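The lines below spell out each chain.
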Amino acid sequence: MQSNNGYGESTSTQLPRNPSPKKAERPPVLKKFKTISLDDQRPTPHFPGPLFPAVRRVTSLPPSSSSHNSIDNDASTKHNGGSNVTTNISNIDVNSFSDRDWMYPSFLGPHAARNRVVTVKAASKPPSQGGERLVDGVQGKVVDKKQQRGSPTPTSNEEMKIVASQVSTTKMTQSTSVALSRTRKIRGKKLKRYFFFCLIILSCIFPVKYVIHLRYKVARLEEENINLRRSCSETNDVGNNVDAILQPNNNSSYNFFGNADSRSVALYTVVFTLIMPFVLYKYFDYLPQIKNISKRTKPNKEEVPLKKRVAYMVDVCFSVYPYAKLLALLFATIFLIGFGGLALYAVSDGSLAEALWQSWTFVADSGNHADSVGTGPRIVSVSISSGGMLIFAMMLGLVSDAISEKVDSLRKGKSEVIEQNHILILGWSDKLGSLLKQLAIANKSVGGGVVVVLAERDKEEMEMDIAKLEFDFMGTSVICRSGSPLILADLKKVSVSKARAIIVLATDENADQSDARALRVVLSLTGVKERLRGHVVVEMSDLDNEPLVKLVGGDLIETVVAHDVIGRLMIQCALQPGLAQIWEDILGFENDEFYIKRWPQLDGMLFEDVLISFPDAVPCGVKVAADGGKIIINPDDNYVLQEGDEVLVIAEDDDTYAPGPLPEVHRAVFPKLPDLPKYPEKILFCGWRRDIDDMIMVLEAFLAPGSELWMFNEVPEKERERKLVDGGLDISGLQNIKLVHREGNAVIRRHLESLPLETFDSILILADESLEDSVVHSDSRSLATLLLIRDIQSKRLPYKDTKSTSLRLAGFSHSSWIREMQQASDKSIIISEILDSRTRNLVSVSRISDYVLSNELVSMALAMVAEDKQINRVLEELFAEEGNEMCIKPAEFYLFDQEEVCFYDIMIRGRQRQEIVIGYRLAYSERAVINPPKKSEPRKWSLDDVFVVISSGS
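Residues numbered from 1 in each chain as written. Predicted model: local features only at pLDDT ≥ 70, side-chain atom pairs only at ≥ 80, totals over all residues. Heavy atoms only, no water.

- For the protein, the name recorded in an unreviewed UniProt entry is CASTOR/POLLUX/SYM8 ion channel, with Corchorus capsularis as its organism.
- Quoted straight from UniProt, the Sequence similarities (unreviewed entry) entry for the protein says "Belongs to the castor/pollux (TC 1.A.1.23) family."
- Within the UniProt record for the protein, the comment given under Subcellular location (unreviewed entry) is "Nucleus membrane". (UniProt positions renumbered as here; feature names shortened; annotations may be inferred.)

What follows is the structure, encoded as C-alpha cells:
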C-alpha cells in the first residue's frame, strides 16, 4: 500500500488471488480508520466505541520525511507456498497520514495528545515467530502482524486499549503539571519573602549610612572653611583668639558612627526603635523561615506561626502571673521616659539628664509641655504627654479592675473564713431556716456563736433568703459562702478543720440521689489533710443507705434519717394523742432538752437518789464510762455511779442546773395499777411513703391483735406487695394487724367517699413518694386531702359508729384532755405530714388538723445532735419500736383524786413502775410542762391530769 505523492488519501493495493483450483477465498481485510483532512469541511463522523462515542480529528504537522511510519492494516498478502504468510509493508511517508487523537468526554480531564504508533522496520531483520513487533507509543504492546485466515480483526478491543492508555497518560500528565505549578508557587512566595526582607534591611541600613555620609561631608566642609579662615586671619584683621574659636570640638561632637554627634545618634535611635516594632509585627512570621533557609532545612507545614506563639505566651503570662500586668505597665513607663528623654535630648539644647527629668515631668503631668519652645520640642513633648495620659489611664483601669475583682470576690463569697469552734452547714434546703433558728437559740446562753453556710448558690441570694426569715439570731452571726462541698479548696475556705460540728443537709432531689451526694460529701470530708476537730451530722433520706455512710465515715459520722424520724413520730402520735407537742418541746432549744454532763460529787450514789438531786433538771439515764461510754436510759434504782460516769438530764440549758442536797420525800408505797389492756384499732394511711414498710413494722409492735391498717393510695395492689417484700416486710408473718388495700386518689372526693372515714381511730395523711421532690406540691396535696376528709366526716356525723372509740377511751375516762383530742369535733384524729414549716403554721392556726408534723422536727434533731453527738443515741432508742419510749400516762397511776403531793413524790412513785416522770399537763392547761420548777413544793392534783413519762415498755 502506497500513498499518492505522499500527500493524498491512503489506498489499499490488491492482493493476489489464491492460486488453488478451488474457489478463491478473499482474505480478511483489516478495518481501516478513516482520516479527515484539514481541507475537508464535512462534519466529523462519530465512531461507536465500547464505552462512549469517539471522534477522530486531524492534527496538522509539518512535513517530515524521516519521522515515524504508519501502519496500514489492509497490507497483508499470502505466500505462494501457502504455508508461510508474509506481510508486505511498504515504507510510507508520515505526511501521508494525519496524526489522530481521540476526542473523549470532558469528565476524563483535560485533553492530552496521544503518542503516535510507530512502526519498526523489518527490512534488515526478518520477522521473528511469524510476525513483526510493533511498538506502541503508550503501552509498548507487541502486535503480531500475522493474521490467520478467517479470523476477524478485534477493532473494538484495540480502541478500548487506546482510550485506556489515553486516560492513564492524562492523569499522569495532570498530576505532574499540578506538582510543577505548586513548586513554582512555593518558589515565587520564597522569592517574594526574600525580596521584602532584603528591602526592609536596605530601608533600615541605607538611610543611616546616607546620614552618616552627609554628616561626614559636612564635617569636611566645616574643616575646609576653618582652614580658609585661618589662612585669612594672618592679615591680623581678626583677633588673636580666632584660632581657638575656629577649632572644631573633636571631643564632644563626634562620638558615634564616625563624625556623627550624640544628638543625631539619639534621634536615629528613637526613630529606629519606634519603627522596628511595626516592621517586626508585620514580618514576624518570616523569621522562622529565614532560620530554616540559613540552616538549609525544610520548613514544617504544621508549625504554628511565630506571631501566634508570641501572642499565646503573652496571654499565658498575663493569666498565670497576677502581677504581670503591673510589670508590663512599669516597663512601658520606663520605656516612655527613657526614649522620650532621648528624643528631647535630640531636639533640644539641654543635657541628657535634664531631658530625662523633663520627660518624667511630661509623663507625670501632661500639662507641663505647654512651656516647650520650638517645633521639635513641642512635637516630642506632646507625644510624651499623650503616652503619659495613656499609661495613667491603663494604671487607673488596672487599679479599678483589682478593686472590682476584690469587691466581687467578697460579694460572691469567695473569701476565706477565719473562724474557730464554729458550726459549718454544707448544703441548702428548706430545713435551713428552722435549723438556724434552733442553733441561734442554743448559742444564746454564750452570747451567740458563728454559723457558716457553704452551698452551691450565690451569696447574695442566700443572704436575702435568710433575711426573709425575720428572726432575731440573738447575737449569732450567719456567714454565707458560695462553693461546692465536694471540692477540698472550698472546704478549706470555710475552715472545715476548725469547726466544732459539721451538718450535711439532704437536698430536695430524689432520696437515692440525695443520699449519694451526702456520701460524696462525707468522702470529701475524710479527704481533708488536717484532721477534723468536730463531728459530722449527716441528714439521710433513706434508712437503707445509712450503713454505707457510717461505713465510710466511721465514728466521726452521726446520721439522722429524716424520713424515719417523721414516720416514727407519726406512729407514736397516732397511738398517743398529744405526744407531738411534747416532742417539739424536748427537741427544740426553746424549752427543755437533753444534756449529758459529769458531776464528780455524785460518784458512789444510787440512781434513785440521783433522780431527786437536781432541783432544776430531771435525770433520765447514765453514760457508763466502764462500758465504753454506753448510755443507759431509765437504769435500775440500785445502779451506783462510778468514777467517770456522766448523767443524762432534761434541763433548760447546760448551765442552768446543778446537783443539790437531797430533799425530803415520802417514800410510801403506792398501789400499783395494772397497765391498760390494748384494744384493736383501725388506722388509715393516705398516701405512700418510701419507708412505709418500717412504719408497718412499728405498728405491728405497738398495736393489739385484731387491728386493721387500711392503705389508700394510687399504687396498684400487686406493686404494693412487691415493694413491701423488697423492703424486708414479711406480710404473712404479721400477727397483730391486717392489711386492707384500697386503690384511689386521695384528692378526689368520689374516691374518698368510698371509704368508711367515720370508723377510723386515726388517719395519717402522708407526703406521697411521687411528690417528695416538690415540697409545695406535696403540701398542697396533703391540705386538699385533709379538707376533703374533714368535710366528709362532718356530713356523716349523725351516722358515726362510736364503738371503737369508746373501747379505746375506756382507760382514759378521767382524762378530759385526751378525750378532747380523740373526740375533736366528733371526728377521728387526723395527723398530717406537712414538709414546709410555713404551711405548718397556717394549718396549726386554722385548727383543721389535730397534729402537724413537718421538717421542723428534723431540724431540731439535727441541731441537738450538732451540739452534742451523744444525744443521737438517746433519740435512736426513744424512736425505736423496742426499748424505752416516751408515753403519756393517766394521773390515776400515781396519785389519788385531789391528793396534795410534790413532784418529787410523784417521781418516786413512778420508779415503782420502772418509769421516769419528766412532766405533766393539767386538765385545764393547753400545753404540757416538762421539767417543772419547784419540784419540792406540794400541790393538789386531779385525776383529769396526765403525766409524761419515759417507760421501758411492755
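Observations regarding the overall build of the protein
- A tally of helices and strands in the protein yields 27 helices and 24 strands.
- Out of the 954 residues in the protein, the part that is buried amounts to 42%.
- Counting contacts in the protein only where the partners sit at least 6 residues apart, residues at least 24 apart contribute 73% of the total.
- As displayed, the protein has an accessible area near 52,400 Å², and 55% of this comes from carbon and sulfur atoms. (Helix = DSSP H or I, 4+ residues; strand = E, 2+ residues; numbered from the N terminus. Buried < 20%, exposed > 50% of the residue type's maximum accessible area, 1.4 Å probe, protein only. Contact = heavy atoms within 4.5 Å. Areas by Shrake-Rupley, 256 points an atom, 1.4 Å probe, with all protein chains shown as cover.)

Looking at the sheet that holds strand β22 (residues 929-930)
- The four strands lie next to each other as β19-β24-β21-β22, forming an open sheet whose pairing is antiparallel. For this open sheet the edge positions go to β19 (885-890) and β22, each flanked by a neighbour on one side alone.
- Across six bridges, strand β21 (residues 915-921) lies against strand β24 (residues 946-951) in antiparallel orientation. Residue pairing across strands places Gly919 opposite Val948, the latter belonging to β24.
- Contacting β21 and β24, helix α27 (residues 903-911) crosses the sheet at an angle of about 140 degrees to β21. (Pairing = 2+ DSSP bridges. Axes fitted to C-alpha atoms, helices over the stretch in contact; angles between N-to-C directions.)

Section: the packing of aromatic side chains
- A complete count under the given rule lists 14 aromatic pairs for this structure.
- On the numbers, 4.7 Å between centres and 45 degrees between planes, the contact of Trp583 with Phe879 is tilted. With Trp583 in helix α16 (residues 579-587) and Phe879 in helix α26 (residues 871-879), the pair connects residues that are 296 residues apart, well separated along the chain. Per residue, the accessibility class of Trp583 equals that of Phe879, and both read buried. (Phe/Tyr/Trp six-rings, centres within 6.5 Å; stacked < 30°, edge-to-face > 60°.)

What about the pattern of salt bridges?
- Inspection of every chain in the model, using the stated rule, returns 26 salt bridges.
- We note a salt bridge from Asp637 to Arg911, for which the minimum N-O separation is 2.6 Å. Of the two residues, Asp637 is situated in the loop between β11 (630-633) and β12 (646-651) and Arg911 in helix α27; the sequence distance between them amounts to 274 residues. No difference in accessibility class separates Asp637 from Arg911, as the two residues are buried.
- For Asp691, the salt bridge goes to Arg689, with nearest N and O atoms at 3.0 Å.
- What makes Asp691 buried here is its relative accessible area of 6%.
- Arg689 sits in the buried class, given a relative accessible area of 0%.
- A single network of salt bridges, built from pairs that share partners, joins Glu719, Arg722, Lys723 and Asp726. (Salt bridge = Lys/Arg side-chain N within 4 Å of Asp/Glu carboxyl O.)

Some words on the sheet that holds strand β9 (residues 593-597)
- Spatially, the four strands line up as an open sheet ordered β9-β12-β10-β11, and their pairing is antiparallel. Edge positions in the open sheet fall to β9 and β11, since each of these has one partner strand only. Strand-to-strand twist of the sheet, defined as the mean angle between neighbouring strand axes without regard to direction, takes the value 30 degrees.
- Relative to β12, strand β10 (residues 618-624) runs antiparallel, the two sharing five bridges.

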